[in-house]
Each structure stands twice: as C-alpha cells, then as structure tokens.
Amino acid sequence: MLHLGLDIGGTKMEAGLLNAAGECVYRQRRPTHKESYDAFMQQLLGLIESVRAWSERPFTLGIGLPGAIDPQSGLIKNCNCLVLNGHDLRHDLIRELGQPVWMANDADCFTLSEAVDGAGAGAMTVFGVIIGTGGGGGVAVNQQLLSGPNAIAGEWGHNPLPGYCPDRDGPAQPCYCGKENCIESFISGTGFARRYGAQARSEAIIAAAQNGDPQALAHWRHFIDAFARSLASVINILDPQVIVLGGGLSNVGQIYEQLPSAIVPYLFSDSCRTQIKQARFGDASGVRGAAWLPVLADAEAGRR
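An account of the accompanying structure is given in this report. (Residues numbered from 1 in each chain as written. Predicted model: local features only at pLDDT ≥ 70, side-chain atom pairs only at ≥ 80, totals over all residues. Heavy atoms only, no water.)

1. So, the pattern of salt bridges
- On inspection of all chains with the given rule, the structure shows 11 salt bridges.
- The salt bridge partner of Arg29 is Glu14, with a shortest N-O separation of 3.2 Å. With Arg29 in strand β3 (residues 24-31) and Glu14 in strand β2 (residues 12-18), this residue pair connects regions lying 15 residues apart in the sequence.
- Given the relative accessible area of 1%, Glu14 is considered buried.
- Where Arg52 meets Glu49, a salt bridge forms, and the shortest distance between an N and an O atom there is 3.9 Å. Linking Arg52 with Glu49, this pair stays in helix α1 (residues 37-54), spanning three residues, or about one helical turn.
- Connected via shared salt-bridge partners are Lys12, Glu14, Arg27 and Arg29. (Salt bridge = Lys/Arg side-chain N within 4 Å of Asp/Glu carboxyl O. Helix = DSSP H or I, 4+ residues; strand = E, 2+ residues; numbered from the N terminus. Buried < 20%, exposed > 50% of the residue type's maximum accessible area, 1.4 Å probe, protein only.)

So this is what it looks like as structure tokens:
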C-alpha cells in the first residue's frame, strides 16, 4: 500500500506519494483554483486522478490544508483559501472518491512529518513552528497529533505577543484574524518584513543586519527577543523535548545560535534544555505529514 499526501496552499497544491519506508516515489504540483469551491474541487480531483493513473497500486489519502476542521460539523474554518470555509471537504471527497480521507491543518501535518522521521524523530513531544507567510504551529505527542474540542491546538501564532509594550515592540499590529499584536504579526516572515518598512524583503533585512547596518541589526535583535518570549510561553506550558522550525525564516542559521540563550530569561527555569532544530524535510514536510495521517491513525486504532 502506498500513501498519498496532499498539501493545499493558497497558490499551489502539491501531491506526494510515499511508500511504506517513507520514500517519495511520485510528486506533482498544480495551481490552486480559488475562484469557487466547485473549481477547487475539480482541480483537486483531477490531481488525485492523475496520481491514480500513474500508480498501479492503491493508496491511502491524507490532506493538509491552511485551516481547521470543526470537530462537530466537519466544516472547514479559518482557512486562508477562502472558498473552502463553510464546506465539508472531507465528506465531499469521500463521496466522489469512494475511499476514506484523512484531513488536518497544514502546520499539524508539518509537525507530524518532523515528529515521525524528521528533526524531532525519537522525541516524545514535538512542537512544530512555521515562520513563513504566517506563524502556524502544531503539537505531536508520541507521533500522534494533539487535538482538542476547538481544533486549534498549536495555534500559538494568534496568541498575543507576551509582554507587548509599545516602547519595546513598536505600535500595535493589526492581524487579519481581527485581533491586535498576534505573535504571527511579529515573528512570521511577512510580519518581520512589514514592520521594518520600506517594502524590504526579509532576506535583504537579514543581510543588512549581518553587515552591521544599525537599523537592520536592531530589527533583527527585536525579532530574536520577540521569538524568545513567544517560545518561552510554549515551553513553560508544554515543555516539549524538541521545537522544529519550518518556513522561510527557519533557513537563517543565526536563529539556532541566538535563540536558546534568549529564551532563558523568560523561562520558569534557569536553563533551556529544549532542542531547537531546523526541519529535516523543509517544504516537503506538509505533504509527508499528510501522507502519514491515515498510517498513524490506523496504528493508534490498533493499540486501543
């Protein structure tokens, strides 16, 4: 049996077919059609059908998407691919495909991938962090996603920045969610660049900081401090063995050098033993985690 993972994004949807050893044997990308739910469904079904035409073997199906699935109604909510909100995508796919479908938030899929055989492999508790366009997160315990009645476990990016103070953190930052000063507005790649101004890209700001530019260096130091405050609040509650970082900013090596010591002043401890690691599978983790959803669900059911 093979395992198909689909990673649904705002601009593209990606399919990855894994074998039992976790090796990717087939991969394909297509644009995400967002003009209507029907157009999205047709594109998604076409992608799945193209994989079925390539593979002679049957496959399980797991999907990661940038939103949450309401545990009671099954309807998608908080999705930045707006045409999906209010729809029961899982039910509709099961009806069209005639096979079981597993579904989870994309940050959860990222976390699951890294907890199974990525940077967090072997750890009992893994907190996954996305610092890219947004600031998502997920929690895996013993290679199982932590979930709750609100379907928002790991959504630390929409907690308020701990210890926010205008003198230290600048003016209040509005968030698309309707609140102010969400962590995402400060530590995501998008928020990092937007707060600097002058329409600068994150890469240019970081390069300027590395070259000693005073404004860029101050901005970078604030980013590390805000990131440290935010992660300290997670460690004080969850105390994960490993925190795995993904997304564009996760590729900056200075983060792993500077963040551990920056966290300590905000911890209820005199040291930080939590390992902070870069994702092993990078952008591929979303697809891989989606592919593992049905495999691990079956394994968990077998232990009960």
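Read on for the rest.
2. Looking at the sheet that holds strand β12 (residues 275-278)
- In spatial order, the strands read β10-β9-β8-β11-β12; together these five strands make up an open sheet with mixed pairing. Two strands in the sheet have a free side with no partner beyond their single neighbour: β10 (144-145) and β12.
- Bridge count for strand β8 (residues 125-130) against strand β11 (residues 242-246) is five bridges, and the pairing is parallel. Bridging across to β11, Gly128 finds its partner in Val244.
- Against the sheet, helix α3 (residues 106-117) engages β8, β9 (137-141), β10 and β11, with an angle of about 40° to β9.
- Along the sheet face, helix α9 (residues 254-263) touches β11 and β12 and points at about 155° away from the line of β12. (Pairing = 2+ DSSP bridges. Contact = heavy atoms within 4.5 Å. Axes fitted to C-alpha atoms, helices over the stretch in contact; angles between N-to-C directions.)

3. As for the pairing of strand β1 (residues 2-8)
- Counting buried positions along β1 gives seven out of seven residues, so the element sits mostly inside the fold.
- Across six bridges, β1 lies against β2 in antiparallel orientation. Bridge assignment links Asp7 to a residue of β2, and that residue is Glu14.
- Hairpin remark: β1 followed by β2, antiparallel, with three residues in the connecting loop.

4. Here we look at the pairing of β3
- The sheet contact formed by β2 and β3 spans seven bridges and is antiparallel. Paired with Leu17 across the two strands is Tyr26, which belongs to β3.
- Hairpin geometry of β2 and β3 is characterised by an intervening segment of five residues between the two adjacent antiparallel strands and by a positive phi of about 85° at Gly22.

5. Brief notes about helix α8 (residues 214-238)
- Between the first and last C-alpha of α8 there are 36 Å, a value that for 25 residues agrees with the 36 Å anticipated at 1.5 Å per step.
- Put simply, Asp213 is the residue that caps the front of α8, since its side-chain oxygen is 3.3 Å from the backbone nitrogen of Gln215.
- At the exit of α8 stands Asp239, carrying a positive phi of roughly 50°. (Expected span 1.5 Å × (residues − 1). Polar contact = N/O pair within 3.5 Å; in protein donor to acceptor, adjacent residues only side chain to side chain.)

6. Here we look at the packing of aromatic side chains
- All told, the structure shown has eight aromatic pairs when counted by the stated rule.
- Here Phe127 and Trp156 contribute two aromatic rings whose centre-to-centre distance is 5.8 Å and whose plane-to-plane angle is 85°, an arrangement assigned as edge-to-face. Taken together, the residues span a long stretch of sequence, with Phe127 in strand β8 and Trp156 in the loop between β10 and α4 (166-169) at a distance of 29 residues.
- By relative accessible area, Trp156 is classed as buried at 3%.
- Note on Tyr164 and Phe186: the rings are 6.3 Å apart at their centroids and 55° apart in plane angle, and the pair reads as tilted. Here the residue Tyr164 occupies a position in the loop between β10 and α4, and Phe186 occupies one in helix α5 (residues 184-187), the gap between them amounting to 22 residues.
- Judged by relative accessible area, which is 25%, Tyr164 ranks as partly exposed. (Phe/Tyr/Trp six-rings, centres within 6.5 Å; stacked < 30°, edge-to-face > 60°.)

7. Some details on the side chain of Thr32
- Mapped onto the elements of the fold, Thr32 is located in the loop between β3 and α1.
- Note on Thr32: relative accessible area 8%, which makes it buried.
- Within the structure, the side chain of Thr32 is placed 2.9 Å from the backbone oxygen of Gly9, a separation counted as a polar contact.
- Among the polar contacts made by the side chain of Thr32, one reaches the main-chain carbonyl oxygen of Lys12 at a distance of 3.0 Å.
- The contact partners of Thr32, leaving out residues within four places of it in the chain, are Gly9, Gly10, Thr11, Lys12, Met13, Phe40 and Cys81.

8. Points about the nonpolar core
- Formed by 38 residues in total, the largest nonpolar core has its most connected members in Phe227, Leu231, Ile255 and Ile263.
- Elements supplying a minimum of two residues to this core: β8, α5, α6 (189-196), α7 (202-210), α8, β11 and α9.
- Looking at this core element by element, the count peaks at 11 residues for α8.
- Setting aside anything within four residues of it in sequence, one finds Ile255 in contact with Ile131, Trp220, Phe223, Ile224, Phe227, Leu245, Leu249 and Pro260.
- By size, the runner-up hydrophobic cluster in this structure holds 29 residues, among which are Ala15, Phe40, Leu65 and Leu84. (Core = buried A, V, L, I, M, F, W, Y, C linked by side-chain atoms within 4.5 Å.)

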